[in-house]
Amino acid sequence: MTLSARARLLLRLATFGGLAVIYVPLLVVLVNSFNPSKTFGWPPSGFTTQWWSRAASNPGAREALLTSVEIALAATALALVLGSMAAFAVARYRWFGRETVSFLVVLPIALPGIVTGIALNSAFSAGGVALGFLTVVVGHATFCIVVVYNNVLARLRRTGTTLEEASADLGASTLQTFLHVTFPQLRGALLAGGLLAFALSFDEIVVTQFTISAGLQTLPIWIFANLFRPNQAPVVNVVAAALVVASVIPVYLANRLSEGNGGGRL
Amino acid sequence: MSQPAGATTPVVSLRGLRKEFPGVGGGARVVAVDGVDLDIAEGEFVTLLGPSGSGKTTVLRMIAGFETPSGGQVLLRGADVTRTAPFERDVNTVFQDYALFPHMTVLQNVEYGLRVKKVPRVQRRERALEALAGVRLEGMEKRAPGQLSGGQRQRVALARALVNRPSVLLLDEPLGALDLKLREQMQVELKQIQREVGITFVFVTHDQEEALTMSDRIVVFNRGRVDQVGSPAEIYEHPRTTFVAGFVGTSNLLHAKASEALLGEAGLFSVRPEKIRLLADGEDPVTGETVAPAVVEEVVYAGATTRIVARLDAGDSLVVQRQNQRTSSLDTEGLRGARVRLAWSREHASRLPDDDG
Ligand SMILES: Nc1ncnc2c1ncn2[C@@H]1O[C@H](COP(=O)(O)OP(=O)(O)OP(=O)(O)O)[C@@H](O)[C@H]1O
Ligand SMILES: [Mg+2]
């Protein structure tokens with residue numbers, strides 16, 4: 001397709017504009033975390049790391065960080081097991097309702113978080129399940145499963161069954177085939193899916209709100225709760241900056257991993 | 001006929017083997033293999049030959065255990081293995097795309113079968129190196145499969161299968177991905193290796209020339225059924241069906257009208273192109289030769305040979321293949337449109353059943 005010089009210029013401006021809208025605020029957050037002014041006057045009046053040390057010693061933030069990491073790890077682990085099992089069932093076996101199940105597994109990523117949250121909340125209270133750590137893990141797993149499922153499914157579809165047949169042909173039992181052939185083939189996909197799942201869970205807030213108990217706080221919820229307290233503002237800013245870095249790294253790694261993977265993330 | 005004289009228990013027996021696949025989207029079921037009976041003796045090189053979709057791969061997959069037959073039995077050395085898992089069968093496969101494990105080195109690939117059978121490390125290394133030497137791949141053991149040429153990959157696949165010393169080696173168009181030169185070289189090597197190791201080979205191809213040059217026996221498949229089983233010479237010289245006559249070599253058919261006039265017997269006959277000669281002017285046929293006057297329609301010069309298409313006065317047209325021993329392209333040019341006499345020995349006209357094809 002050839003574009004006129006004007007169209008090309010417009011397209012370029014639009015691209016830069018779009019990227020700016022997304023990344024300039026993130027940059028401001030990062031810069032402000034080193035800004036000595038409590039009111040974030042612009043331009044920054046100097047450079048300080050005092051907010052970072054204050055944040056690091058803030059018990060609420062530390063507690064919330066720990067909770068977030070634990071929940072993200074648990075949700076990722078659950079997603080890895082269930083997501084890859086579902087991918088196997090869909091890729092390797094024919095059964096009644098396969099397409100439907102495949103659709104149902106992917107659906108939660110498209111559902112608004114608020115719908116998932118309300119649905120889970122009423123399901124838990126109807127079932128008499130007390131909200132807490134585990135209910136958040138289950139809530140996060142609903143969308144974490146999807147990214148693992150998609151990554152593993154794409155990989156399984158691409159590799160086909162020939163290698164597994166070759167392994168069985170050479171005398172390997174089903175378990176040996178899984179350990180020596182299937183799993184090594186899937187390692188990249190599992191890692192990519194796991195990193196994305198972790199990142200998704202780590203900064204989730206909507207579903208979390210509906211599934212968490214009153215005493216527990218994840219990092220995003222802590223930020224939300226402290227956002228409008230004036231003297232917490234610099235610390236909130238630091239935590240937000242840390243959150244940006246913590247989510248960018250796994251997504252970047254996952255992207256690198258799935259490049260040679262052929263499988264899109266979603 | 002399908003069992004060579006003096007054979008003990010066949011290594012592989014197929015009894016009324018059948019395979020149906022469910023049709024796509026509720027369509028009609030596909031009968032991929034339709035009642036195949038076959039006995040394969042120890043040390044034989046048997047080729048399954050047939051066009052695309054005739055069921056060769058499906059038969060191979062049922063012998064290996066990847067596909068469960070819809071009917072009939074697979075016996076290995078007399079034992080029924082119809083429902084036995086692939087890893088419990090004393091059979092190894094060389095896949096068409098080789099199916100080498102990409103995350104393992106050449107040596108690890110070859111060792112794999114021994115490793116999963118818990119052969120001690122030292123011993124399995126020794127045997128793997130030996131197998132690699134057997135396929136002339138010394139010094140390649142540390143490479144990844146991705147760093148090998150097509151021909152080398154093919155040999156790794158062969159070594160990986162042979163190292164297990166199976167009773168039977170199944171090969172599904174193992175040379176299909178190679179270029180012509182390498183293919184011809186591998187045909188010779190494969191045959192040599194088979195003679196050295198003495199393992200029964202079941203080889204699948206749709207290339208009739210490959211089948212003729214390599215096999216002890218050829219099994220010709222036609223739409224899931226076996227049309228004919230025999231030595232390359234039997235198959236080529238005495239095809240028993242129109243399909244075999246056409247698929248193996250050039251189809252050169254005389255129909256009822258022409259055969260009645262020329263051979264005195266109405267029926268369907270096949271005559272191979274190289275069995276027919278052109279009589280020189282005034283030359284008399286030898287006794288037992290059939291003579292057919294004809295007009296040359298087409299002359300194709302092909303280096304070593306010239307192919308002449310001639311329309312018989314009695315009807316039908318035949319292809320004549322002539323060695324270019326003395327002639328050159330210049331001599332044959334003037335032949336187009338000329339009146340000639342074709343001659344062939346009576347025994348080279350094979351009768352085919354009238355009703356098939
Ligand atoms: N898994 C399957 N599901 C449905 N139909 C199949 C399946 N495998 C094979 N078939 C059909 O069975 C028939 C025989 O296939 P097969 O692969 O055995 O042929 P082939 O002789 O090996 O052909 P080729 O020379 O092209 O490899 C074909 O019509 C094919 O479409
Ligand atoms: Mg095939």
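Calculation rules
Residues numbered from 1 in each chain as written. Chains lettered and ligands numbered in written order. Predicted model: local features only at pLDDT ≥ 70, side-chain atom pairs only at ≥ 80, totals over all residues. Heavy atoms only, no water. Helix = DSSP H or I, 4+ residues; strand = E, 2+ residues; numbered from the N terminus. Buried < 20%, exposed > 50% of the residue type's maximum accessible area, 1.4 Å probe, protein only. Contact = heavy atoms within 4.5 Å. Areas by Shrake-Rupley, 256 points an atom, 1.4 Å probe, with all protein chains shown as cover. pLDDT = per-residue confidence, 0-100. Near = heavy atom within 4 Å. Polar contact = N/O pair within 3.5 Å; in protein donor to acceptor, adjacent residues only side chain to side chain. Nonpolar A, V, L, I, M, F, W, Y, C, P; charged D, E, K, R; others polar. Buried area = accessible area lost by both parts, 1.4 Å probe. Salt bridge = Lys/Arg side-chain N within 4 Å of Asp/Glu carboxyl O.

This brings us to the overall build of chain A. Scanning chain A from terminus to terminus reveals eleven helices and zero strands. Helices and strands appear in chain A in the N-to-C order α-α-α-α-α-α-α-α-α-α-α. Projected onto its principal axes, the C-alpha positions of chain A cover 70 × 65 × 30 Å. When the 266 residues of chain A are sorted by exposure, 40% land in the buried category. For chain A, the share of sequence-separated contacts (at least 6 apart) that also reach a separation of at least 24 residues comes to 71%. Put simply, chain A shows about 14,200 Å² of open surface, and 70% of that area lies on carbon and sulfur atoms.

All names here are of chain B. For A99, which is not glycine, the phi dihedral falls at a positive 50°. Mapping A99 onto the fold places it in the loop between β6 (91-94) and α2 (106-116). Its identity is not glycine, yet D316 carries a phi of approximately 70°, on the positive side.

A few words on the confidence of the model for chain B. Residue and element names in this part refer to chain B. In the predicted model, chain B carries a mean pLDDT of 89, and 95% of its residues have values of at least 70. Every residue in residues 1-6 is under pLDDT 50, and counting partners more than four places away or in other chains gives 14 contacts. Scoring of the predicted complex yields 0.78 for pTM and 0.81 for ipTM.

All names here are of chain B. Near ligand 1 you find 13 residues, and of these S52, G53, K56, T57 and T58 are the closest. One of the side-chain N or O atoms of K56 is found 2.7 Å from an oxygen atom in ligand 1. E173 places a side-chain nitrogen or oxygen 3.3 Å from an oxygen atom of ligand 1. Relative to its unbound accessible area of 640 Å², ligand 1 is 63% covered by the protein chains. Where the shell around ligand 1 is concerned, the elements lending two or more residues are β2 (30-40) and α1 (56-64). By residue number, the principal contributor to the shell around ligand 1 is α1, which donates three residues. Within the shell around ligand 1, the residues separate by chemical class into four nonpolar, seven polar and two charged.

Here we come to the environment of A:A119. Among the secondary structure elements, A:A119 is positioned in helix α5 (residues 113-126). With 20 residues separating them along the chain, A:A119 and A:G139 place their C-alpha atoms 9.9 Å apart.

Turning next to the interface of chain A and chain B. Counting residues at the interface gives 19 residues for chain A and 26 residues for chain B. Both sides together, the interface formed by chain A and chain B hides about 1,800 Å², and carbon and sulfur atoms give 59% of it. The interface formed by chain A and chain B holds one salt bridge in total. Across the contact surface, chain A and chain B share ten residue pairs in polar contact (both at pLDDT 80 or more). Of all the secondary-structure elements, those providing two or more residues to the side of chain A that touches chain B are α7 (162-169) and α8 (174-202) of chain A. Per-class residue counts for the side of chain A that touches chain B are seven nonpolar, nine polar and three charged.

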